[in-house]
Amino acid sequence: MSRQVWRTEAGGHGIDRKQPVSFSFNQFRLEGYAGDTVASALLANGVRLVGRSFKYHRPRGILGIGSEEPNAILHIGEGARREPNTRATVQELYQDLVASSQNHWPSLKFDLGAAVGLAGALFPAGFYYKTFITSPKRWLWYEKHIRRMAGLGEPPTEADPDHYEHRNAHCDLLIAGGGPTGLAAALAAGAAGAKVILVEENPALGGQMLLAPQQVDGMSGQDWAEQARAQLDAMPNVQVLTRTSVAGVYEHDLFTLVERLGDHLAEPEAHQPRQRFWRVRASDAIFATGAIERPIAFANNDRPGVMLLSAVRGYLERYGILAGKTAVLFANNDSVYAAARELAAAGMRVEAIVDSRPFVSEAAALAKADKLHVLTGHGVTAARGMREVHGADVAPIDANGRLKGVTKTLPCDLIAVSGGWNPAVHLHAQSRGRMAFRDDLAAFVPDTDGAAYTSAGAVTGAYDLAECLQQGFAAGNAAAKALGLDSTAPTLPTATGDTVGEAPVLWAVQAPKGARCFVDFQNDVTTKDVGLAHRENYVSVEHLKRYTTLGMGTDQGKTSNVAGLAMMAAKRGQPIPAVGTTTFRPPYTPFTFNAMVGGHTGEIGNSVRRTAAHDWHAANGGVFTDAAGWARPMYYETEGLTPQQRIDEEVLAVRKSVGVVDVSTLGKLDIQGPDAAEFLDRVYTNRFSTLKVGRGRYGVMLREDGRVYDDGVTMRLADDHFHMTTTTNHSGSMFQHLEYLLQVVWPDLRVFVTPVTEQWFTAAISGPNARALLADLAPAVDVSNEALPMMGMAEGLVAGIPARIFRLSFSGEIAYEINVDADYGLALWNGILSAGAAHDLKVYGTEAMGTLRIEKGHFTHAEADGRITPDDLGLGGMVTKGKDCIGKRSLSLPDLVAPGRKQLVGFIAAEGERIPVGAQIAALDDLDAVQEALGHTTSQAYSATLGRHIALGLMKDGRNMHGRKLYALSPVLGERAAVEVVSPHFYDPEGGRQRG
Amino acid sequence: MSQRYSIWALARNALTHHESWQKAWRSPEPKPAYDALIIGGGGHGLATAYYLAKLHGMRNIAVLERGWIGGGNTGRNTTIVRSNYLLDENAHFYEHSLKLWEGLSEDLNYNVMFSQRKVINTCHTLGEREATVRRYNSMRLRGIDAEFLTREDLARLEPAMNLSMDVRYPIVCAVSQPRGGSARHDAVAWGYARGADSLGVDIIQNCEVTGIDRDPVSGAVTGVQTSRGAIKSDKVGIAVAGHSSQVAAMADIRLPIETHLLQAFVSEPVKPFLNTVVSTGAAHFYISQTDKGEVLLGGELDGYNSYSQRGTLPSVEHVIANATEMFPNIGRLRFMRQWAGVMDMSMDGSPIIGKLPVDGLYMSGGWCYGGFKATPGSGWCLAWTMAKDEPHALNAGHTLERFRTSYMIDEKGAGPYPKAH
Amino acid sequence: MDETIARPRSPLAELFLSAQSAAPDDTAQVHVQSVPFVGQVALRGKAEDGAFRDIAGQVLGLDLPLSSGSVVESEAVRIIWLGPDHWLVVTNEGEAPALVTGLQEALASQFTAVIDVSGARMRLSLAGPAARDVLASGCTLNLDPSVFPAGHALQTPVGNATAIIHCLADGTYDTTPTYDLYIPRSQALSFWRWLEHAGKPYGLSVRA
Amino acid sequence: MMLIPCPWCGPRDETEFVYGEAALERPADPHALSDQEWTDYLYFRDNPKGEHTERWFHRAGCHHWFTVERNTVTHVISAAYPPGKAEKS
Ligand SMILES: Cc1cc2nc3c(=O)[nH]c(=O)nc-3n(C[C@H](O)[C@H](O)[C@H](O)COP(=O)(O)OP(=O)(O)OC[C@H]3O[C@@H](n4cnc5c(N)ncnc54)[C@H](O)[C@@H]3O)c2cc1C
Ligand SMILES: NC(=O)c1ccc[n+]([C@@H]2O[C@H](COP(=O)([O-])OP(=O)(O)OC[C@H]3O[C@@H](n4cnc5c(N)ncnc54)[C@H](O)[C@@H]3O)[C@@H](O)[C@H]2O)c1
Ligand SMILES: Cc1cc2nc3c(=O)[nH]c(=O)nc-3n(C[C@H](O)[C@H](O)[C@H](O)COP(=O)(O)O)c2cc1C
Ligand SMILES: [Zn+2]
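Residues numbered from 1 in each chain as written. Chains lettered and ligands numbered in written order. Predicted model: local features only at pLDDT ≥ 70, side-chain atom pairs only at ≥ 80, totals over all residues. Heavy atoms only, no water.

Asker: Looking at this structure, how should I read the overall build of chain C?
Answerer: The secondary structure content of chain C amounts to five helices and eleven strands. Rg of the C-alpha trace for chain C: 18 Å, near the compact-globule value of 17 Å for 208 residues, within the 12% margin. Counting only C-alpha atoms, chain C reaches 55 × 55 × 30 Å along its principal axes. Burial analysis of chain C (208 residues in total) assigns 59% to the buried set. (Helix = DSSP H or I, 4+ residues; strand = E, 2+ residues; numbered from the N terminus. Rg over C-alpha atoms; globule rule 2.2 N^0.38 Å. Buried < 20%, exposed > 50% of the residue type's maximum accessible area, 1.4 Å probe, protein only.)

Below is the structure:
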């Protein structure tokens, strides 16, 4: 186990030196402390090379200290918990954490992929578009290899074992960011009584105050943050969420947050959610998201050991780490001087302070006076070293970064850079906020004009701590006032932080030809790529982004976007705001898919609907299928029988004796009111007002465009009371449709439609013995053909349960649908089964039901596929003359009466042949021929009744085709059958059996 | 083409630090008049200009783009290319388009990274199997490639796929179009732009069309008004996707189109593990992995009229929930970016490519989910129609007039409800 | 006919049966209890129809609640507002048929519909200090007692089903947050699976 | 995720609702219309970029249809009222 050689003797308020934590990186066992991130622990151990870059496989180290990090992304965890692309700077250390580097082969130190980097000149931005211009076949081959080079981490291979949770919440005020500004806002709004949720990405509150020494009310920033936290915790109306990121801003004040509850633990306890996905509706929001330091580009500025200055300070302040022994600090602002003193005080050798500004600021002068090595008007032109920095080339430069003098090399193992700050305007932008450009800061800040929410603090370009606190209090107060709360602002604390001073922008230092200066570290975009994009006219920032992939990595360009577009602006000779920004999109920081899923996958996400007899079906071999969300048994597995044999048995039972099927899934609507009959006349093609009470009628409904929408039987229970059945598929949409007509189109009709699908369990018994069975089940009901004829109904006890009995038939046999309160469904089912034993009763499923209806030529949505008119189905006669109905007007549109439409027909296979599933009908018996499809099958079955395979289908001019001998072809299945076109009514076309 | 792209050219240019590459396309000032104007610099508009110039000898053409070329749906789609359609008009049209794709990189001398890695449709019930197999059989009868995939085939092709039957949407089987796949969306726009430019076409960005000028007597088109001034032409093609209604309205034409929001999103990039493009009707999503490694996912429309080019939550949540059931290993990948497009949803789900009831005015629109794969075919057909003032047989059925006779090209049978297509 | 089989059965019968034999889990912060069989009646009529309101009110012994979220209760019935023309009348097991008849007769000359829907939904009771947290994982309504106090009921999606949530105790004044949930019968098992998932972080126990 | 103000239930998440379509008025007597007029109603839409009057159904709540005025670009809802009421309430 190595020693933490880079750790200072003392200090680092974020770590607990009494709690060592051991972990591994690329199999090496290392040690850090509780409170460390993986990045700080790696640095503590002097580990710098942590990964390889996306495209050129260049060695990379740690650049930053938070979620902006573009380089240090690792595999964390093992097995099913191994997660790729995890930011070392965000991942907290836990005992036995396993980390490994990504995107290299065979090893991190020696990566063959780096050959791409060496031949990098061949791979400028957009090189793919210029090469491999070849046939798709060859491209597929090249692509395979290219794909392997890309990507970053290895994807997991197993399902995620962790638990995830959703949480919906409401508040008056959401505050994003728990730095000084956010804390001040929360204190003010919280004290006024507003319901506040304060959200901070990091484990601790305090923001930048934790990363550099600052003073508030005479306390250290860190202590003040802790005190603020205690105050907030004492307010019942304030909820503080740390380790939580505001990910997205959506319509109508919806914010998504991702809370990491378990990522800092070795293994969350089984019941504990690893991450919680919050959807917060907030009446108002304050974005106190701070600013992200930006680097300055110079040659080889991606070498491990080049870091952001604020990160270097932060590692010292928070983790007690000196990120190098000898540093060259390079900045365009005054923060570098405070940093230099802190680092020097902690024992780092500050080789030089390279201040790009042509003038000597007050802070610079003081530093000079203190004998610090200050080089104003200078820039770092290149980093020296490969896998680690060992020197910095420094030269005088002009305001645009152009070399003005001789370069000298300073020995160092750390180059800390500060090019100013980019306000974290992401959330403001996501909320449709516009951007304003501040020339003095060379940064985009939220444009308050028309902004939906308030931004405060560093995100507005206020880099001074006192100003941040003041803005925070003001924003919190204003929000409370807007809520109508009486807000007496707590007194503003006094504060001192460091000063930035005048910071004339510097994006890049001129580099020698051929050298690479990185703008986007993660996606390996260099200043030259920006130049190339410009040269080739990809000059819109959006083209720049897409051509070079600038800002498209997992960091979404947090440290790089502004620099890239500033460089493009310069090339175009336009001011930066004229060039504009690319679009900020959710999420602010990537988060796991599973957090968003929150376990709502499978049945937990999409419920399964089960009938009251479900458990019986399941226990008796039912093989289920999904039918519009319902689980329906297709058939019942029976030992010794193939599925087809079992289905045949089920069919024959119905034809010969009696079968029972669970049809509870059919949609059922209770329709009542004085105008109910009139209403039905207007929605069905046929008439219902003439229907006698106690009788039912089959009806067809159209869409407004004249195509068949749905069909079913509606029974008239009373003059003003109907019971409508719909297909399983349409039960939900039918209700909406009818309500639409009643509420919007014909508000004068007095009708109530009430969905009652859930209320009724429905079993259909059918077959020649169905009447006898019903007689046994319902001794008190007169079931004779006279008392209960086809399309008649009765009420009474069935199996001792109050029931509605409808006599109607889908199978073509004598059949009854028995409806009971669903709580009694299983009782009815069992009652039917026990009484059925005496009648050779068989239970059948949807497959047999399908076969029975195909034999009868009844259509379903397979036939009425949304393109079909009643006439196409041979039901033209059902469109009653002398009354209008929905869709009728369309039936006379030219194309609905044009010749050659497809019409419903039957197909019967030659003896012993099997009509394949999904067949097309054609003239040639050749599976490979290109030929005209004359029609197609819509549903097919083996008819045990007829001993043949049969099908329904649609054929051009089908009714004139009866008798034609053709072929049913399924080339994709390699199956075919000779078929004859016949009437779709295969079985008992006169319908005598069902009426008997 | 003035400067050919190739590995040799790249090597040569590497020696000069890539400083002698020419503009991929120029950015000229608009001329006062052109022989033809195309409104909309998406893939379709650019392809139309390219084919007009290349195949119909017209050179004095401009493409007018409101923003930056390729920034509309071309730049925000899930890049699935296939020709697995059921109905005649669509099947022939999309197959023609697919054939153009197969030669596109070479034709344009620009690698559009068209990858025929297979498009797979999974089936989750027997009914779905039947309907899908039927559609694929109809393709085979037309000579279009289509194959059936068993669960064993799927396990081999997509090892990460969850083939357990004990899930909400178990996979019964699948069908695939092996020639289907995906392409690099931006490259399609840029490649066509460069191709068209080199044939003399003016590509004019930041030029919004604000009006269509017509002859007061004949009613025929005489030109357009734009944010950069008036431009004359007696042939104007509209290829503006979700903005078809707005632009057509400039010539007093109402369309059977509604504009809806469709979204897509990507995960962080990872090493390749998804080999094909998989789409599923039952669970409402499609998924593939880009060459850069991101998992690219899309789903269905949000379902209400919208011109907001922003992602929303519900449909993305729905897609992810279902996708993690089919590919459980993606659960720990991270959601990196979401966005949306402005979709031109037609009333039957099929496009309108052809003449409009104003002389000299043409359109290609109503592409719904499917217009990226149509890019070459649409450009090809619209160019033909504009050049000859009559449609080609391939787009003869895709008229606006079909809505007057109710001749619906309705692949789904969903009826006149755009959100349902 | 064997009378013994004609017994009603809850869609979660198995679950609650097995809970009977299990020892109660006192660490759990949420408890689920089934109240399987209640009488439920859908009452339809226009809220603005005074005659309808009067008669229905007389039969039920309570004035119909007229705004979203409102519930009125007596010993005999609980009336939940579901819409401007729709109320759910909850009564004791077995009492729905008589109530339906009573209402139908009294309202015979009115434009109404009275439908026995006792089998359409199952009722679960969710109680415990974390009851609201569990609901908040699958319900987007604001459940805070200031907005959703005891005595308030709304129909809305919860988890994977559309439920009616009725707050019986909202946790203020030292009460234990307690909610009745009415779940569509066909989705009861799926809903239970959701509930189990949502309750996992808090400990969820089933009480028979 | 829009919050749609149901006139009866108040604001609820968009997932509780089903979108209908533009608030079209169904012709009182379709048969009195020419094919041109009827197909205008059936298929042709204004499709505005901006204010849109449309219908939503409160599927998971009160089961009522209502009219919503919504901006199709910003999704801002300026009014919601029961069908039949011609103007903003
Ligand atoms: C999320 C998503 C996923 C998709 N997935 C697929 C898929 O997998 N496969 C597939 O085939 N298709 C897919 N599509 C559809 C496909 O993207 C589009 O149909 C296709 O790209 C449309 O191309 P276009 O050139 O017609 O339109 P666009 O690329 O949108 O171009 C239209 C252009 O017109 C411009 N414009 C508009 N108004 C004006 C004006 N007044 N003046 C000047 N210019 C104007 C716009 O700025 C725009 O650049 C998807 C779409 C989306 C949004
Ligand atoms: N060294 C300098 O010269 C300099 C420059 C700029 C700022 N600062 C200092 O920075 C501080 C600015 O205060 P502040 O509060 O405005 O900013 P801050 O940077 O201190 O705090 C912002 C906080 O927001 C969090 N955050 C950002 N986006 C988030 C999201 N989407 N979800 C959740 N959390 C998110 C960050 O983790 C951070 O803790 C002051 O102390 C100021 O002096 C100093
Ligand atoms: C196929 C495809 C792949 C994409 N891959 C990435 C990606 O890797 N990184 C990224 O940041 N964005 C990616 N995007 C999204 C774009 O950044 C951008 O969001 C999209 O083009 C829409 O543009 P807009 O967000 O600027 O409106 C991808 C988009 C598409 C269509
Ligand atoms: Zn409502």
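Asker: Explain the site of ligand 2 to me, please; I cannot follow it from the model alone.
Answerer: All names here are of chain A. In the neighbourhood of ligand 2, 31 residues make up the surrounding shell, with Thr181, Glu200, Gln208, Val246 and Ala458 lying closest. Taking threonine 181, its side chain carries an N or O atom lying 2.7 Å from an oxygen atom of ligand 2. One of the side-chain N or O atoms of aspartate 498 is found 2.8 Å from a nitrogen atom in ligand 2. About the coverage of ligand 2: the protein hides 96% of its 850 Å² of free accessible area. Every element with two or more residues in the shell around ligand 2 is listed here: helix H5 (180–191), strand E13 (244–250) and helix H11 (465–482). Counting residues per element, the shell around ligand 2 draws most heavily on E13, which supplies three residues. (Near = heavy atom within 4 Å. Polar contact = N/O pair within 3.5 Å; in protein donor to acceptor, adjacent residues only side chain to side chain. Areas by Shrake-Rupley, 256 points an atom, 1.4 Å probe, with all protein chains shown as cover.)

Asker: How should the interface of chain A and chain C be read in this particular structure?
Answerer: Taken residue by residue, the interface counts 51 residues in chain A and 47 residues in chain C. Between chain A and chain C the total buried area reaches about 4100 Å² when both faces are included, carbon and sulfur atoms providing 54% of it. Across the salt bridge formed by Arg185(C) and Asp823(A), the nearest N and O atoms sit 3.2 Å from each other. Joining chain A to chain C, the criterion identifies 32 residue pairs in polar contact (both at pLDDT 80 or more). Secondary structure elements with two or more residues in the side of chain A that touches chain C: strand E8 (163–176), strand E15 (273–287), helix H17 (602–605), strand E36 (667–672), strand E40 (752–755) and helix H23 (825–836) of chain A. Per element, the largest residue contribution to the side of chain A that touches chain C is seven residues, and it comes from E8(A). Along the lines of polarity and charge, the residues of the side of chain A that touches chain C split into 19 nonpolar, 17 polar and 15 charged. (Contact = heavy atoms within 4.5 Å. Buried area = accessible area lost by both parts, 1.4 Å probe. Salt bridge = Lys/Arg side-chain N within 4 Å of Asp/Glu carboxyl O. Nonpolar A, V, L, I, M, F, W, Y, C, P; charged D, E, K, R; others polar.)

Asker: How do you make sense of the domain arrangement of chain B when you look at a structure like this?
Answerer: Interfaces are often described in size by the accessible area the parts lose on coming together. Residue and element names in this part refer to chain B. The domain architecture assigned to chain B consists of domain 1 (31–115 + 182–256 + 348–421) and domain 2 (119–177 + 258–346). Each of domain 1 and domain 2 was reduced to a C-alpha centroid, and the two centroids are 27 Å apart. Facing 37 residues of domain 1, the contacting portion of domain 2 comprises 34 residues. The three residues of domain 1 that bury the most area against domain 2 are Arg76, Asn84 and Tyr369, which together make up 23% of that side's buried surface. (Domains from an automatic or database assignment.)

Asker: Help me understand the sheet that holds strand E17 (residues 306–308) of chain A, please; the structure alone is not making it clear to me.
Answerer: In a beta sheet, neighbouring strands pair by backbone hydrogen bonds and run either parallel or antiparallel. All names here are of chain A. Taking strand neighbours across the sheet as the criterion, the five strands line up as E17-E24-E18-E19-E20 in an open arrangement whose pairing is parallel. For this open sheet the edge positions go to E17 and strand E20 (374–376), each flanked by a neighbour on one side alone. Sheet twist, expressed as the mean angle between neighbouring strand axes with direction ignored, is 20 degrees. As paired elements, strand E19 (residues 349–355) and E20 share three bridges and run parallel to each other. Each bridged residue has a counterpart across the sheet, and for aspartate 355 the counterpart in E20 is threonine 376. (Pairing = 2+ DSSP bridges. Axes fitted to C-alpha atoms, helices over the stretch in contact; angles between N-to-C directions.)

Asker: Explain unusual backbone geometry here, please?
Answerer: Trans is the prevailing form of peptide bonds, just as negative phi is the prevailing case for residues other than glycine. Residue and element names in this part refer to chain A. Cis rather than trans, the peptide bond between tryptophan 105 and proline 106 has omega equal to 0 degrees. The residue proline 106 is located in the loop between strand E7 (97–100) and helix H2 (114–118) in this model. Here the residue pair proline 586 and proline 587 is connected by a cis peptide bond, since its omega of -5 degrees sits within 30 degrees of zero. Here proline 587 shows up in the loop between helix H15 (576–579) and strand E32 (591–592). The backbone of phenylalanine 132 shows a phi angle near 55 degrees, a positive value even though the residue is not glycine. Structurally, phenylalanine 132 is set in the loop between helix H3 (127–130) and helix H4 (136–149). Residue classification places phenylalanine 132 among the partly exposed positions, given a relative accessible area of 25%. The backbone phi angle of arginine 432 is positive, close to 70 degrees, even though this residue is not glycine. Relative to the assigned elements, arginine 432 resides in the loop between helix H10 (426–430) and strand E26 (435–438).

Asker: What is the right way to read the site of ligand 3 from this model?
Answerer: Around ligand 3 sit 19 residues in total, of which Lys545(A), Gln556(A), Arg585(A), Gly75(B) and Arg337(B) are the nearest. With respect to ligand 3, the chains having nearby residues are chains A and B. The side chain of Lys545(A) places a nitrogen or oxygen atom 2.7 Å from an oxygen atom of ligand 3. Within the side chain of Lys292(B), a nitrogen or oxygen atom sits 3.0 Å from an oxygen atom of ligand 3. Secondary structure elements with two or more residues in the shell around ligand 3: helix H13 (541–548) of chain A together with strand E17 (334–346) of chain B. A class-by-class count of the residues in the shell around ligand 3 yields five nonpolar, six polar and eight charged. Inspection of the shell around ligand 3 shows a minimum of three residues originating in each of domain 1 (31–115 + 182–256 + 348–421) and domain 2 (119–177 + 258–346) of chain B.

Asker: I keep staring at the coordination of the zinc ion (ligand 4) and nothing clicks. Help me out?
Answerer: Each donor-metal-donor angle in an ideal tetrahedron of four donors is 109.5 degrees, and each such angle in an ideal octahedron of six donors is either 90 or 180 degrees. All names here are of chain D. Distances from the zinc ion (ligand 4) to its protein donors, namely Cys6 (SG), Cys9 (SG), His58 (ND1) and Cys62 (SG), fall within the range 2.0 to 2.4 Å. Around the zinc ion (ligand 4), the four donor atoms sit at angles spanning 103 to 119 degrees, and that spread fits a shape best called tetrahedral. When the donors of the zinc ion (ligand 4) are listed by position in the chain, the intervening gaps give C-x2-C-x48-H-x3-C. Of this pair, cysteine 9 sits in the loop between strand E1 (3–6) and strand E2 (10–13) while histidine 58 sits in the loop between strand E4 (51–57) and strand E5 (65–71), and the two are 49 residues apart along the sequence. When sorted by exposure, cysteine 9 lands in the same class as histidine 58, which is buried. (Donors = N, O, S within 2.8 Å, 3.2 Å for Na, K, Ca; no water. Tetrahedral: all angles 85-135°; square planar, octahedral: opposite > 155°, others 65-115°.)

Asker: Before we go on, may I ask you to explain the packing of helix H2 (residues 50–60) of chain C against helix H3 (residues 96–106) of chain C in this structure?
Answerer: Angle between the axes and distance between the axes are the two parameters that describe a pair of packed helices. All names here are of chain C. One way to put it is that H2 packs onto H3 with a least axis distance of 10 Å and a crossing angle of 145 degrees. In this structure, H2 crosses over H3, and the sense of that crossing is right-handed. Packed against H2, whose contacting residues are Ile55, Ala56, Val59 and Leu60, the element H3 presents Leu99, Gly102, Leu103 and Ala106 at the interface. Of the residues contributing to the contact of H2 with H3, the split by class is seven nonpolar, one polar and no charged. (Left-handed = near helix turned anticlockwise from the far one by under 90°.)

Asker: So what exactly am I meant to see when it comes to the interface of chain B and chain A here?
Answerer: Contacts between chain B and chain A engage 110 residues on the former and 127 residues on the latter. Taken over both partners, the interface formed by chain B and chain A buries close to 10000 Å², and the fraction arising from carbon and sulfur atoms is 56%. Among the residues of chain B in contact with chain A, Leu141(B), Lys271(B) and Arg332(B) are the three that bury the most area, contributing 10% of the side total. Scanning the region where chain B abuts chain A turns up eleven salt bridges. Two residues, Asp291(B) and Arg147(A), come together in a salt bridge whose shortest N-O distance is 3.1 Å. Applying the counting criterion to the chain B and chain A interface returns 63 residue pairs in polar contact (both at pLDDT 80 or more).

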